[in-house]
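# Residue-level structure breakdown
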Amino acid sequence: YMLTKCLITARGGSKGIKKKNLLPINGIPLIEYSIRCSKESNVGETWVSTDDEEIAEFSLRKGAKVIMRPKELADDIIMPDASLVHFCEHEKFDVLVFLQPTSPLLQPSYINLGLEKIKDCDAVFSVYKDHWLPRWSKTTEAIGWNINKRPRRQDVEETFIENGAFYISYRKNILETGLRYGGKMSFVEMP
């Protein structure tokens, strides 16, 4: 039996859109989608890591637990991984599901699939299938293909792009590496 906790990282300050995590999308504050998704999945506990009192109060009202993160872990430069380490240092559990509040279309079934896959690897993350198209540099150089031998789309090996909806990893690995993934990895494909 693995004890799982979900951590949703939600800063108050954002260079792009102020207080974006509380802005309504289709009448529902953005972060509420992630809190609901976590609570409807097979995750044991749902947590929000924030530096913002308003986000903290809202999250508590929606049934999440809150860990306040230090200001130095909430600037525009810091990667979310530092907040994951901070959480892992303060809580005991086996597996961490990390959600970003900017994926309102994430469904609990994808998290549950990831939780099944983590039993056979070290980290799982969400992706979507990339449909090959010719890519070009600014100087019109072909990237990853030859203009004299343009491949057909069906002849190019399938690739997948990380979509940032969720990451699942073992707490011990996050504490050892400081990263959200590594080791033997797998992914869950989303549309």
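That block above? That's the structure.
A few points on the structure.

The next subject is unusual backbone geometry. Most peptide bonds are trans, and most residues other than glycine sit at a negative phi. One non-glycine residue, Asn-26, lies in the positive phi region at around 55 degrees. Tracing the backbone through its elements, the reader meets Asn-26 in the loop between β2 (24-25) and β3 (28-29). Judged by its relative accessible area of 75%, Asn-26 falls in the exposed class. A positive phi angle is found at Thr-140, which is not glycine, with a value near 55 degrees. Structurally, the position occupied by Thr-140 is in the loop between β8 (135-136) and β9 (142-143).

By size, the foremost hydrophobic cluster in this structure holds 28 residues, and its most contacted members are Ile-31, Leu-106, Ile-111 and Phe-166. Breaking this core down by element, the ones donating at least two residues are β1 (4-9), α1 (30-40), α2 (53-61), β6 (95-99), α4 (108-117) and β10 (159-170). In terms of residues, this core owes the most to one element, β10, which gives 4 residues. Excluding residues that lie within four positions of it along the chain, Ile-31 makes contacts with Ile-8, Ala-10, Asn-21, Leu-22, Val-48, Ile-55, Phe-58, Ser-59 and Pro-101. If you look at the next biggest cluster of nonpolar residues, it comprises 14 residues, including Trp-47, Leu-84, Val-85 and Ile-174.

Turning to the side chain of Gln-100, a few remarks are in order. Its place among the elements puts Gln-100 in the loop between β6 and α4. Given the relative accessible area of 19%, Gln-100 is considered buried. If we skip the residues at most four places from it in the chain, Gln-100 touches Ser-34, Pro-80, Gly-164, Ala-165, Tyr-167 and Arg-180.

Here we come to the pattern of salt bridges. Tallied over the entire structure, the rule returns 12 salt bridges. In this structure, Glu-91 engages Lys-5 in a salt bridge whose closest nitrogen and oxygen atoms are separated by 2.5 Å. Taken together, the residues Glu-91 in the loop between α3 (81-90) and β6 and Lys-5 in strand β1 connect sequence positions 86 residues apart. Considered together, Glu-91 and Lys-5 belong to a single accessibility category, that of buried residues. Across the salt bridge formed by Arg-36 and Glu-32, the nearest N and O atoms sit 2.9 Å from each other.

What counts and what doesn't
Residues numbered from 1 in each chain as written. Predicted model: local features only at pLDDT ≥ 70, side-chain atom pairs only at ≥ 80, totals over all residues. Heavy atoms only, no water. Helix = DSSP H or I, 4+ residues; strand = E, 2+ residues; numbered from the N terminus. Buried < 20%, exposed > 50% of the residue type's maximum accessible area, 1.4 Å probe, protein only. Core = buried A, V, L, I, M, F, W, Y, C linked by side-chain atoms within 4.5 Å. Contact = heavy atoms within 4.5 Å. Salt bridge = Lys/Arg side-chain N within 4 Å of Asp/Glu carboxyl O.

The values are spatial; any link to function lies outside them.
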